[in-house]
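Structure assessment
Take a look at the letters that make up each chain.
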Amino acid sequence: MAAQRKQASQAPAPQGLVSSEATDSVWDEATEDSSEDSIGQAEVEQRTLTVAAEHHGQRVDKVLAQGVSEFSRSYLQQLLADGAVTLNGKVLAKPSVKVSVGDQLNVEMRPTQQSMAFQPEEMALQVVYEDDDLLVINKPAGLVVHPAPGNWTGTLLNGLLARDEKARQVPRAGIVHRLDKDTSGLMVVARNRSTMDALIKMIAARDVSRQYLAIAHKEWGSRKRREVDAPIGRDPRNRLRMAVVDLNLHPGKAARTDFDLLDGDVTHSLVRCTLHTGRTHQIRVHMASLGHPLIADALYGGHPEGGLERQALHAFRLAFEHPVTHKPLVLYAPLPQDMAAALDLWGLRYNPPESL
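Quantities reported herein were computed from a predicted structural model and do not represent experimental measurements. Position labels on residues start from 1 in each chain and follow its written sequence. This being a predicted model, a pLDDT of at least 70 is required before a residue's local features are given, and a value of 80 or more before pairs of side-chain atoms are given or counted; all residues contribute to the totals for chains, interfaces and linings. The side-chain figures draw on all heavy atoms in the structure; neither hydrogens nor water molecules are used.

1. A word on the environment of Ser 100
The way it works is that DSSP assigns letters per residue, a run of H or I at least four long becomes a helix, a run of E at least two long becomes a strand, and they are numbered from the N terminus. With respect to the element layout, Ser 100 can be found in the loop between β4 (90-91) and β5 (104-109). Taking the C-alpha atoms as reference points, Ser 100 and Val 51, separated by 49 residues in sequence, lie 6.7 Å from one another. Throughout, a contact is declared for two residues whenever any of their heavy atoms are within 4.5 Å. With near-sequence residues (within four places) excluded, Ser 100 lies in contact with Val 51 and His 56.

2. Some thoughts on helix α6 (residues 282-289)
With 6 of 8 residues buried, α6 is to be regarded as a mostly interior element. Taken as a whole, α6 has its buried residues at Gln 282, Ile 283, Arg 284, Val 285, His 286 and Met 287. Gly 291 sits one or two positions beyond α6 and adopts a positive phi of about 85 degrees. Any residue under 20% of the maximum accessible area for its type is buried, any over 50% is exposed, and the rest in between are partly exposed; the area is computed with a 1.4 Å probe on protein chains only.

3. Brief notes about the packing of aromatic side chains
The pairing test for Phe, Tyr and Trp rings, Trp by its six-membered ring, is centres within 6.5 Å, and the orientation test on the planes gives stacked under 30 degrees, edge-to-face over 60, and tilted for anything in between. The tally for this structure, following the rule as stated, stands at 2 aromatic pairs. With a centroid separation of 6.5 Å and 65 degrees between ring planes, the pair formed by Trp 220 and Phe 259 is classed as edge-to-face. Note that Trp 220 is positioned in the loop between β9 (209-217) and β10 (225-229) and Phe 259 in strand β13 (residues 256-264), a separation of 39 residues in sequence. Judged by its relative accessible area of 2%, Trp 220 is buried. Against the face of Trp 220 rests Arg 226, its NZ or CZ located 4.4 Å from the ring centre. Definition used: whenever NZ (Lys) or CZ (Arg) falls within 6 Å of the ring centre and also within 35 degrees of the ring normal, the charge is taken to sit over that ring.

4. Remarks on the UniProt feature "active site" (unreviewed entry) in the chain
UniProt positions are given in the numbering used here, feature names are shortened, and annotations may be inferred rather than shown by experiment. Under the present numbering, the feature "active site" (unreviewed entry) in UniProt falls on Asp 180. Within the secondary structure layout, Asp 180 lies in the loop between α4 (156-163) and β8 (184-190). The class for Asp 180 is buried, based on a relative accessible area of 7%.

5. Section: the nonpolar core
Put simply, buried Ala, Val, Leu, Ile, Met, Phe, Trp, Tyr and Cys residues joined by side-chain atoms within 4.5 Å make one nonpolar core. Ranked by internal contacts, the top residues of the largest apolar core, which has 34 residues, are Leu 156, Leu 160, Tyr 212, Phe 259, Ile 283 and Met 287. Elements that contribute at least two residues to this core include exactly β7 (134-139), α4, β8, β9, β13, β14 (268-275), α6 and β15 (313-321). Sort the elements by how many residues they give to this core and α4 lands first, with 4 residues. Delimitation of the domains relies on an automatic or database domain assignment. A domain-level breakdown of this core finds at least three residues from each of domain 2 (115-196) and domain 3 (206-355). Once you skip the residues sitting within four places of it in the chain, Tyr 212 turns out to touch Leu 179, Thr 183, Val 271, Arg 272, Cys 273, Leu 275, Ile 283, Leu 313, His 314, Ala 315 and Phe 316. Membership of the second largest hydrophobic core comes to 19 residues, among which are Leu 49, Phe 71, Leu 79 and Leu 87.

6. With respect to the environment of Asn 151
On the secondary structure map, Asn 151 appears in the loop between β7 and α4. For the pair Asn 151 and Ala 117, spaced 34 residues apart in sequence, the C-alpha to C-alpha distance is 8.9 Å. Not counting the four nearest positions on each side in its chain, Asn 151 is found in contact with Val 144 and His 146.

In structure tokens:
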């Protein structure tokens with residue numbers, strides 16, 4: 001098979017950064033998309049591939065993966081879906097089409113929205129801790145962590161790429177866990193690959209302590225501590241949500257959260273939440289299962305109150321052993337203004353840790 005370059009193009013971001021986003025114990029949410037808007041206006045590189053005898057009868061996606069091996073399979077599949085690949089002059093859309101010896105494949109190496117998303121963007125980031133190996137960010141509500149459909153720019157990843165040259169040398173700019181867009185609070189970010197690998201292992205092993213503050217609907221009751229050990233999976237009635245599931249009937253993963261009442265009245269509860277696992281929407285799902293959806297969390301039964309228009313959830317404490325120096329790190333983020341104002345309105349009190 002021969003490949004001929006005809007003109008230069010803007011190539012996708014390094015493969016360490018262009019990645020499908022998988023949901024697991026480290027990541028909070030997952031999404032991948034192949035949508036594209038006005039990408040055809042950009043300059044593209046043309047690749048012409050001639051099918052050799054050893055590739056006769058193979059699927060076109062397999063031939064492309066071998067002939068344009070420096071790019072990811074997901075990138076090449078997106079080009080196929082966008083009509084950027086022709087076989088003997090005819091546009092291909094199906095990756096299952098089989099080729100014959102002597103066939104001519106032409107590929108327009110277009111930059112995709114996903115590939116162009118991994119660009120540096122200047123933004124103000126509140127850093128609460130930093131050294132040569134990692135930093136900890138206090139993420140504001142409304143900031144998306146990672147580029148995804150609907151939010152290809154203006155994400156925390158874009159800001160990290162602009163802030164730190166080291167961020168381009170590690171996958172996902174060093175992001176090792178996520179917060180939902182409308183959840184505020186602390187996130188740890190690696191500044192090199194070895195630290196990133198170590199942090200991912202620590203999170204998976206539950207060696208990173210994460211605590212949140214949540215404001216929920218309804219009176220908490222007399223039992224101040226509640227421990228919830230209930231598996232979480234996709235809601236079988238609504239695939240956009242997560243839910244507590246019966247593992248005998250539906251797929252899911254074990255999930256455990258401890259809840260401690262800090263203050264409350266007959267209609268609101270301020271709760272400290274301690275994660276022992278890291279499932280998608282875990283606190284939101286477990287609180288809803290207790291009959292206490294978070295204020296303004298419409299997805300799980302909450303509604304806006306007290307000026308809060310986003311789910312009342314804040315990652316206020318992060319504690320772990322530094323993976324390089326082995327120094328214990330315990331970091332706090334103050335309660336954000338919108339949650340503090342709601343508590344003041346209802347006459348509820350939050351006593352911050354002495355280190356704040």
